[in-house]
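Letter by letter, the chains look like this.
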Amino acid sequence: MGYAERVLQPGEQIVYRARLHWIIYTPGVLSIVGAAIVAIYGYTLLDKPAHYGLMVIGAAVGATGLFSVLRAWFRSVNTEIIVSTRRIIYKSGFISRNTTEMNLSKIESVRVNQGIFGRMLDYGTLIIRGVGAGIEPVANVAAPLDFHRYVNANET
C-alpha cells in the first residue's frame, strides 16, 4: 500500500496513477555501456600499463553508472503522482518525504512541457498551478498528456 492509498478520504478513489518515464535510467545505462566498451578495449591491449589503466577507468565509470541506475530506480519507486476523484497527490522521497496535495477545484492550470524527444518517447515535465500555490515541476513523467486529461476530466 502506497502513500496515496493511506491518505485517501472516505469515498475518494484513485483515478490515475502517473509514473516516471524509463528515460531517467538512460545516463546510468550509457555509462555502464561506455565502461564495458572501455574495459573490453583495455583487455585486448598488449601494453600492460594501458591495459590496467583502461580496466580501472572502465570499472570506475561502470560503478558510477550502476550507482546512477540504482539512484534512478530508487527515485522512481519512491515517487507517487496520483489523480484522485478529489485531489492531486504528489509524494517524493523516502527518508525525507516531500508531499503536496491540491484539491481539483483549486487547480487553475496543468502545464505540460515536452521537448522533441519527450514528444517522440511520450514523457515531459508537469507544472500544476493552483489558487495561491502550485506543485513544483515534476520532470520526466511518462504520458503527461494522459495525466492532463484525467485532471481536466475530474475537475469539479
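Just above sits the structure.
One structure accompanies this document, and this report is about it. Remember, predicted model here, so these are calculated numbers, not experimental data.

Okay, the packing of aromatic side chains next. For the structure shown, the criterion picks out four aromatic pairs. A centroid spacing of 6.4 Å and a plane angle of 50° characterise the contact between tryptophan 73 and phenylalanine 74, whose relative ring orientation is tilted. Members of the aromatic cluster, connected to one another through ring pairs, are Tyr16, Phe147 and Tyr150.

This part is about the pattern of salt bridges. When the charged atoms of two side chains with opposite charge come close together, those side chains can pair. All told, the structure shown has five salt bridges when counted by the stated rule. Across the salt bridge formed by glutamate 12 and arginine 87, the nearest N and O atoms sit 2.8 Å from each other. Taken together, the residues glutamate 12 in the loop between α1 (3–7) and β1 (14–18) and arginine 87 in strand β3 (residues 87–92) connect sequence positions 75 residues apart. For the pair formed by glutamate 12 and arginine 87, the shared burial category is buried.

Mapped onto the elements, histidine 21 comes out in the loop between β1 and α2 (26–44). Using a relative accessible area of 5% as the deciding quantity, one classes histidine 21 as buried. A distance of 2.8 Å separates a polar side-chain atom of histidine 21 from the backbone oxygen of leucine 121. Ignoring anything within four residues of it in the chain, the contact list for histidine 21 reads Leu121, Asp122, Tyr123, Asn140, Val141 and Ala142.

Conventions we followed
Residues numbered from 1 in each chain as written. Predicted model: local features only at pLDDT ≥ 70, side-chain atom pairs only at ≥ 80, totals over all residues. Heavy atoms only, no water. Phe/Tyr/Trp six-rings, centres within 6.5 Å; stacked < 30°, edge-to-face > 60°. Salt bridge = Lys/Arg side-chain N within 4 Å of Asp/Glu carboxyl O. Helix = DSSP H or I, 4+ residues; strand = E, 2+ residues; numbered from the N terminus. Buried < 20%, exposed > 50% of the residue type's maximum accessible area, 1.4 Å probe, protein only. Polar contact = N/O pair within 3.5 Å; in protein donor to acceptor, adjacent residues only side chain to side chain. Contact = heavy atoms within 4.5 Å.

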